[in-house]
Amino acid sequence: MNNANPFDFMFPLSLEKIEILKKIEENCSNLQFAWLSGYFWNLAHQDLSNLKKNKNIFSLEKKKIDNHVITIISASQTGNARTLSERLNKYLNENNKKTHLVNAADYNFKKIKDERCLILIISTQGEGEPPEEALSLYKFIMSKRAPKLNNLKYSIFALGDSSYNLFCQAGKDFDKRINELGGRNLLHRLDVDIEYEDDYIQWSKKLLTSLEKIDMFSRSSNLLKENVFIDEINTCTKYNPGIAKIITNQKITGRNSTKDVRHIELDISDLNVKYTPGDALGVWYQNDNNLVQKFLKLLSINASDIINIKNKKINIVDALTNNFELTSNTKNIVKKYADITQNKFLKEIASHEKELENYIKNTPLINMISDYPKKISSQKLINILRPLTPRLYSISSSQDEVENEIHITVGVVKKIISGCLHLGGASGYLSELLNIDDPVKIFIERNNNFRLPKNTEAPIIMIGSGTGIAPYRSFMQQRDNDGSTGKNWIFFGNPNFTEDFLYQIEWQKYLKKGLLTKITLAWSRDQEEKIYVQNKIKEYGKEIWSWIEENAYIYICGNASKMAKDVEKALLEIISQNGNMSTEDSNEFLNNLRLKKRYQRDVY
């Protein structure tokens, strides 16, 4: 029981102390009262100073505790780095480590100087570039403004594709630069190929061991549970996909177009799936059975063969249909096949890097095997192939408008080599191999770095070419459903007006309705001089700048190495000319727009 005096809450002194003060009061002069006043004030001041000092100590302790946190940064392009970051976050929490999981786009990179332990899980895209969401962090780290990181211990898990020349280059760049700034390796960088599961498990265990060895991390049950990636809405995931059904497969380019672009609609009424404009649809495809049979025949492999994949027995036909890439040739495959066959021509090609690059660009895998067939075992074939990975397509619909459907815009990859037509694995599957009501394994890949502004009055500028128009269709449907009053301007480019104006009727409808404020088109083949989207960007530079001054959001969707780079260069010229800025200042201005989410790109 609490035995405190019931009057204590009314007075700062107990009744006994008040009685003592009264006795002192009876025998004191005014001068003595003044002296006592100063005496007690001094005591009170000392107590306040001690309290303040204690608060400062507490603040330092708090800061010290905060430094116990392990920051995990996810820098993902297709979702793999994001998934691994979530797994690492959970794993470390289960082992009593305090973590802070954050997307690279949301990371306050200027605070990196305060970090004590940093784990970066990063993919590489395009020509050795960091993923879109990590660009601001990358530019800051590589700049002269980057701080010294002498107190930082870090580790990098780099994801890549060894068929590209600059394998895991983004991870290598970050590792080199952080080391230059004084950071020390907690665990040496690990570069992994597309089949990374075993590597990740071993790396995560070694990482935990390294963390255990340093005494700056205290065990605590009070773990930070922040996780910005957990998706509790969708039950369909990359490794647990849902089954949707094809309800529309419509060619939306003209008869004489050089492109075959399909508008594909899928029924998701039986799935618990939610998506937002800007998200992508992941599709697990199957290889054409005719192609599978060609492989078996050329390599003299029996269709009844059973192989081992990660300690699981599976029929070779099923494996080639569902588990391995058959439409992409790579340098590693050529080298491995040359070793198996001991073919002199292939071994010669494999020994010269430039010749090898040209060879894989112009020689599909099935053509190479057809040119140099060899009887090999089914297990040897599997050992040289790449695992099949899902393809991601920008969603071209708003769920608020189409409800139980998902729409995608698919450019069918077609190549005619040696008189034979070769289709892309996923695009060929979606466009040619599936019929209405056929099932497709799908999942939603969230893209929080390509989102409409929350302010429905904000103007937006959408820039894209080819199938890069897909997410803008979802944007317009969403803004229409939201009753948005913000201005909307789209720049779109393709070869020909009559053959390649994707969703033409819909854009005209939005323009007539007043929802679409302005549409600017670039047709590269309709005149002698080729006109691209970036040319139109420069032409309308002053007007674009005025929209930027009105706080417009700018979006780019399309090819990363060509269109997106050319458009960004054009935007920098506009900013420099109209804002009277130097090259360095215009770069800084555009990067600030990126940080404010007013400059967003979905590139591939």
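Residues numbered from 1 in each chain as written. Predicted model: local features only at pLDDT ≥ 70, side-chain atom pairs only at ≥ 80, totals over all residues. Heavy atoms only, no water.

Residues annotated in UniProt with the feature "binding site: NADP(+)" (unreviewed entry) correspond here to Ser524, Arg525, Lys530, Ile531, Tyr532, Val533, Gln534 and Asp566. Relative to the helices and strands, Ser524 resides in the loop between strand 18 (518-523) and helix 19 (533-539). For Ser524, a relative accessible area of 6% corresponds to the buried category. Apart from residues no more than four positions distant in its own chain, Ser524 is found in contact with Asn494, Pro495, Glu529, Lys530, Ile531 and Tyr532. Among all residues touching Lys530, those that are not within four sequence positions of it are Ser524, Arg525 and Asn535. (UniProt positions renumbered as here; feature names shortened; annotations may be inferred. Helix = DSSP H or I, 4+ residues; strand = E, 2+ residues; numbered from the N terminus. Buried < 20%, exposed > 50% of the residue type's maximum accessible area, 1.4 Å probe, protein only. Contact = heavy atoms within 4.5 Å.)

As a further point, take the sheet that holds strand 7 (residues 261-267). In space, the 6 strands of this open sheet follow the order 11-8-15-6-7-12, with antiparallel pairing throughout. If you trace the sheet from one side to the other, it starts and ends with strand 11 (391-394) and strand 12 (405-411), each paired once. Neighbour-to-neighbour, the strand axes of the sheet open up by a mean angle of 40°, direction not taken into account. Bridge analysis of strand 6 (residues 242-251) against strand 15 (residues 439-445) gives 4 bridges, and the strand direction is antiparallel. Paired with Lys245 across the two strands is Pro439, which belongs to strand 15. (Pairing = 2+ DSSP bridges. Axes fitted to C-alpha atoms, helices over the stretch in contact; angles between N-to-C directions.)

A word on the nonpolar core. Counting 32 residues, the largest nonpolar core has Ile316, Leu320, Met368, Leu381 and Leu385 as its most contacted members. With near-sequence residues (within four places) excluded, Leu381 lies in contact with Leu299, Ile301, Leu320 and Ile376. (Core = buried A, V, L, I, M, F, W, Y, C linked by side-chain atoms within 4.5 Å.)

Each strand in a sheet pairs with its neighbour through backbone hydrogen bonds, running either in the same direction (parallel) or in the opposite one (antiparallel). The strand order across the open sheet formed by 5 strands is 2-1-3-4-5, and the pairing between neighbours is parallel. Every other strand in the sheet has two partners, leaving strand 2 (99-103) and strand 5 (184-192) as the edge strands with one partner each. Mean inter-strand twist for the sheet, computed between neighbouring axes without regard to direction, equals 10°. Pairing between strand 4 (residues 153-159) and strand 5: 6 bridges, direction parallel. Within strand 5, the residue paired with Lys153 across the bridge is Arg184. Contacts from helix 3 (residues 80-94) reach strand 1 (70-75), strand 2, strand 3 (117-123) and strand 4 within the one sheet, and its direction differs from that of strand 1 by about 165°.

What follows covers the confidence of the model for the chain. Here the chain averages 88 in pLDDT, and 86% of its residues register 70 or above. A low-confidence stretch, residues 47-65 (pLDDT under 50), is modelled with 1 contact involving residues beyond four sequence positions or located in other chains. (pLDDT = per-residue confidence, 0-100.)

A few words now on the packing of helix 4 (residues 135-142) against helix 22 (residues 583-595). Two elements in contact, helix 4 and helix 22, have axes separated by 10 Å at closest approach and are oriented at 140°. The orientation of helix 4 with respect to helix 22, classified from their angle, is oblique. Considering how the two elements wind past one another, helix 4 and helix 22 form a crossing that is left-handed. On helix 22, the residues that touch Leu135, Ser136 and Lys139 of helix 4 are Asn591, Arg594 and Leu595. (Parallel < 35°, antiparallel > 145°, perpendicular 65-115°, else oblique. Left-handed = near helix turned anticlockwise from the far one by under 90°.)

It is worth spelling out the packing of aromatic side chains at this point. Taken as a whole and assessed by the stated rule, the structure comprises 23 aromatic pairs. Ring centres of Phe450 and Tyr472 lie 6.3 Å apart, and the angle between their planes is 40°; on these two criteria the pair is classed as tilted. Taken as a pair, Phe450 in the loop between strand 15 and strand 16 (460-465) and Tyr472 in helix 16 (residues 470-482) lie far apart in primary sequence, 22 residues in all. For the pair Phe450 and Tyr472, a shared accessibility class is recorded, and that class is buried. The ring of Tyr510 carries the charged tip of Lys509 above its face, separated from the ring centre by 4.8 Å. (Phe/Tyr/Trp six-rings, centres within 6.5 Å; stacked < 30°, edge-to-face > 60°. Lys NZ or Arg CZ within 6 Å of the ring centre and 35° of its normal.)

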